[in-house]
Amino acid sequence: MTTSPLTFEITAEDGEARAGIITTRRGAIETPVFMPVGTAGTVKGVRFEQLESPDLDAQIILGNTYHLWLRPGIDVIKACGGLHKFIGWKRALLTDSGGFQVWSLGELRKISEEGTEFRSHVDGALCFLSPEISMEIQAALGAEIVMAFDECAPGEASYEEARRSMELTLRWAKRSKEAFCNLQAGRPRMPDETSALPARQALFGIIQGASHLDLRRESLERTVEVGFEGYALGGLSVGEEKPVMFDVIGAMAPRMPVERPRYLMGVGTPEDLIDAVARGMDMFDCVLPTRNGRNGQAFTSRGKVNIKNARYAQDQQPLDESCRCSVCRRHSRAFLRHLFLSGEMLASILLTHHNLAFFLDTMRSVRQAIRSRQFTKFRRDHTERLGSGRE
Ligand SMILES: [Zn+2]
């Protein structure tokens, strides 16, 4: 019996919400956790020093298999000693399988039993991704957490369509695990892996089934039979209505193995995160704080602020009075608006920084609230405050 490459300990519970610690080769991650998305090896607009600073203190970030595979290519990353070394990040990483990115190419892809054929968005070249190839790429990238290669059905998928996709995802989950185990067998320890945990990576399985609860339940049971270190809900926030998404989360989370991390992929706003924590989810990632930041939108404790809005032209207040991030301590809405309207790159940098600080700080408060068994009150106060400042 080999030691697990990742451990998960629940330290406090409040209702269905749980606070815990995931321990990886590169340190501990407190949950519930928000993971900033680093698509091409960079969390857009944020320096790594900032990600590590007390302001943000991101304990884990994401890398995208699809993007890194196409550019700069796996040979480059391998030659540069793996993704951590290549990008200069010593903390934990999670890589997705590429399945979702390929799926979002829409018409440009062709799915078969073997895998997915698609045209590269970089140069139009014909590419092919399969469970085996995804595992090989993710082994070379070397993240602490690796995702199984899955197929995502659209949110409004018919029952037949969702079943076919769910069955294919299950067959791909088995192939992912087999390929993963073969690749992990002789994996050497990297020089900067400090933990006593083994050098192996951890593989998470993905539950699909669109908005059909019986398919979701079957997907969960059969994915757990294959056996993974953690379990993710995939295929949500892909066009279905929000209540539908929360029905799926509410029905699935309590059924997911208690002793394993539960990861909600690609969702959502801070309110969505809190609502999902209330249903028992532990891990989250989303492009909203970075993407919306670049588009001039800030998330605050009193709702969203669109910095383009003329009402901020002479506004001396920070983005969020209750935020302690370095942007809110130093700059006014008026200045941020001026930067944004002038097309200054600093606008994107500062708004992204604040948004990430807000997401990460919200999760810190969530953890604190669960630990002190005040989560219900925290959730209610948070919602009330949000409602009070709508634009
Ligand atoms: Zn701030």
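Summarised in this report is the structure supplied together with it.

What counts, and at which threshold
Residues numbered from 1 in each chain as written. Predicted model: local features only at pLDDT ≥ 70, side-chain atom pairs only at ≥ 80, totals over all residues. Heavy atoms only, no water. 1 Å grid on protein atoms, 1.4 Å probe; cavity = no way out; pocket = protein on both sides within 12 Å on 5 of 7 lines; lining within 4 Å. Points joined across faces, edges and corners; volume = space filled by probe spheres on them. Helix = DSSP H or I, 4+ residues; strand = E, 2+ residues; numbered from the N terminus. Buried < 20%, exposed > 50% of the residue type's maximum accessible area, 1.4 Å probe, protein only. Pairing = 2+ DSSP bridges. Axes fitted to C-alpha atoms, helices over the stretch in contact; angles between N-to-C directions. Parallel < 35°, antiparallel > 145°, perpendicular 65-115°, else oblique. Left-handed = near helix turned anticlockwise from the far one by under 90°. Contact = heavy atoms within 4.5 Å. Donors = N, O, S within 2.8 Å, 3.2 Å for Na, K, Ca; no water. Tetrahedral: all angles 85-135°; square planar, octahedral: opposite > 155°, others 65-115°.

## Points about the layout of surface pockets
- Here the largest pocket defines a volume of roughly 980 Å³.
- In this structure, the largest pocket is lined by 44 residues; those nearest its centre are Phe100, Gln101, Asp285, Val287 and Arg291.
- Looking at the lining of the largest pocket, the elements with two or more residues in it are helix H2 (65–70), helix H5 (99–103), strand E14 (283–286) and helix H11 (288–294).
- Examining the composition of the lining of the largest pocket, we find that 4 residues originate from one element, H11, more than from any other.

## Here's the deal with the pairing of strand E9 (residues 126–129)
- By the alternation rule, side chains of E9 split into Cys127 and Leu129, which are all buried, and Leu126 and Phe128, of which none is buried.
- Two strands pair when backbone bridges link them, and strand E8 (residues 116–119) and E9 are joined in this way by 4 bridges, in the antiparallel orientation. Across the sheet, residue Thr116 finds its bridge partner in E9, namely Leu129.
- Between E8 and E9, which pair antiparallel and follow one another directly, the connecting turn spans 6 residues, one of which, Gly124, has a positive phi of 80°.

## Examining the packing of helix H9 (residues 242–252) against helix H10 (residues 270–278)
- The geometry of H9 relative to H10 is characterised by a closest axis approach of 10 Å and an angle of 30° between their N-to-C directions. Judged by the angle between their axes, H9 and H10 are roughly parallel. Pair H9 / H10 crosses with right-handed handedness. Contact residues: H9 offers Lys242, Met245, Phe246 and Ile249, while H10 offers Asp272, Asp275 and Ala276.

## Digging into the coordination of the zinc ion
- Coordination of the zinc ion by the protein involves Cys323 (SG), Cys325 (SG), Cys328 (SG) and His354 (ND1), with metal-donor separations of 2.1 to 2.3 Å.
- Coordination at the zinc ion is tetrahedral: its 4 donor atoms span angles of 97 to 120° at the metal.
- Coordination of the zinc ion draws on donor residues from a single chain, spaced C-x1-C-x2-C-x25-H in sequence. Highlighted residues: Cys323 in the loop between strand E16 (303–306) and helix H12 (326–330) and His354 in helix H14 (residues 345–371), separated in sequence by 31 residues. Like His354, Cys323 is buried.

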